[in-house]
Amino acid sequence: MKQKIYFDNAATTALDPEVLDAMIPYFTEIFGNPSSIHSIGRKAKAAVETARKNVATILGTSPSEIFFTSGGTEANNTVLNAAAHSLDVTHFISSPLEHHAVLHPLEHLNKQNDIKLDLVNLLPNGDIDFNHLESIMNSEGKKLVSLMHGNNESGNILNTSNVTELCKRNKAYF
């Protein structure tokens with residue numbers, strides 16, 4: 001008997017059985033639109049708000065700071081646009097290896113909103129060049145650094161501690 005081996009968990013992963021069990025009622029009984037005023041909608045809204053409170057508790061933050069999106073692309077767009085329009089970020093720093101769900105919105109913000117976009121150089125092994133990153137962070141204005149922690153194509157892992165320290169020293173969002 002042939003066994004299937006799946007190597008694309010970065011794109012889609014099988015649902016954990018414990019998560020499926022927890023979600024069954026919301027797939028079969030409490031499936032209402034949480035923005036609706038009918039009873040199934042109100043029950044769905046209560047479940048969403050309970051989930052929001054639970055996530056906030058785990059992260060040590062307020063439920064009002066937790067936003068649920070339909071996926072990574074929507075989440076990236078929300079964060080990047082909010083940074084530009086609500087936090088007045090004027091300089092974005094990323095990498096040429098970043099996922100298109102980040103690069104495309106950054107390129108759009110760069111063209112449409114006169115926002116500076118720098119892509120950090122890469123070393124021959126695919127790691128980011130920390131010296132180059134440090135040099136481009138020495139600019140004026142509010143900065144946001146968006147770098148992929150684990151690259152799904154090269155397998156490189158970003159040293160987030162180093163980036164965090166650079167961002168703290170340069171008062172940049174990370």
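Residues numbered from 1 in each chain as written. Predicted model: local features only at pLDDT ≥ 70, side-chain atom pairs only at ≥ 80, totals over all residues. Heavy atoms only, no water.

Participant: An account of the environment of Asn33 is needed here, citing residue identities and associated values.
Facilitator: Turning to its location among the elements, Asn33 is positioned in the loop between α1 (17–28) and α2 (39–59). Looking at Asn33, the relative accessible area reads 43%, which means it is partly exposed. On a C-alpha basis, the gap between Asn33 and Ala44 in space is 6.8 Å, while along the polypeptide they are eleven residues apart. Each residue touching Asn33, except ones within four places of it in the same chain, is listed here: His38 and Gly41. At 2.8 Å, the side chain of Asn33 forms a polar contact with the backbone nitrogen of Ser35. (Helix = DSSP H or I, 4+ residues; strand = E, 2+ residues; numbered from the N terminus. Buried < 20%, exposed > 50% of the residue type's maximum accessible area, 1.4 Å probe, protein only. Contact = heavy atoms within 4.5 Å. Polar contact = N/O pair within 3.5 Å; in protein donor to acceptor, adjacent residues only side chain to side chain.)

Participant: Provide a residue-level description of the packing of helix α3 (residues 72–85) against helix α4 (residues 100–112), including the pertinent values.
Facilitator: Following both chains from N to C, one finds α3 and α4 inclined at 30 degrees, their axes separated by 9 Å at the closest point. What the angle tells us is that α3 and α4 run roughly parallel. Considering how the two elements wind past one another, α3 and α4 form a crossing that is right-handed. Between α3 and α4, the residues in contact are Thr73, Asn76, Asn77, Leu80, Asn81, Ala84 and His85 and Ala101, Val102, Pro105, Leu106 and Leu109, respectively. (Axes fitted to C-alpha atoms, helices over the stretch in contact; angles between N-to-C directions. Parallel < 35°, antiparallel > 145°, perpendicular 65-115°, else oblique. Left-handed = near helix turned anticlockwise from the far one by under 90°.)

Participant: Tell me about the side chain of Asn156, residues and numbers included.
Facilitator: Assignment of secondary structure puts Asn156 in the loop between β3 (143–145) and α6 (160–169). Of note is the side chain of Asn156, whose polar atom sits 3.0 Å from the backbone oxygen of Asn125. Ignoring any residue separated from it by four or fewer positions in sequence, one finds Asn156 in contact with Asn125, Gly126, Asp127, His149, Gly150 and Asn151.

Participant: Tell me what's going on with α1, and back it up with residues and numbers.
Facilitator: If you check α1, its first and last C-alpha atoms are 16 Å apart, about what twelve residues at 1.5 Å a residue would give, namely 16 Å. With a side-chain oxygen lying 2.8 Å from the backbone nitrogen of Glu18, the N-terminal cap of α1 falls on Asp16. (Expected span 1.5 Å × (residues − 1).)

Note that every value here comes from positions in space, so none of it alone points to a role or purpose.
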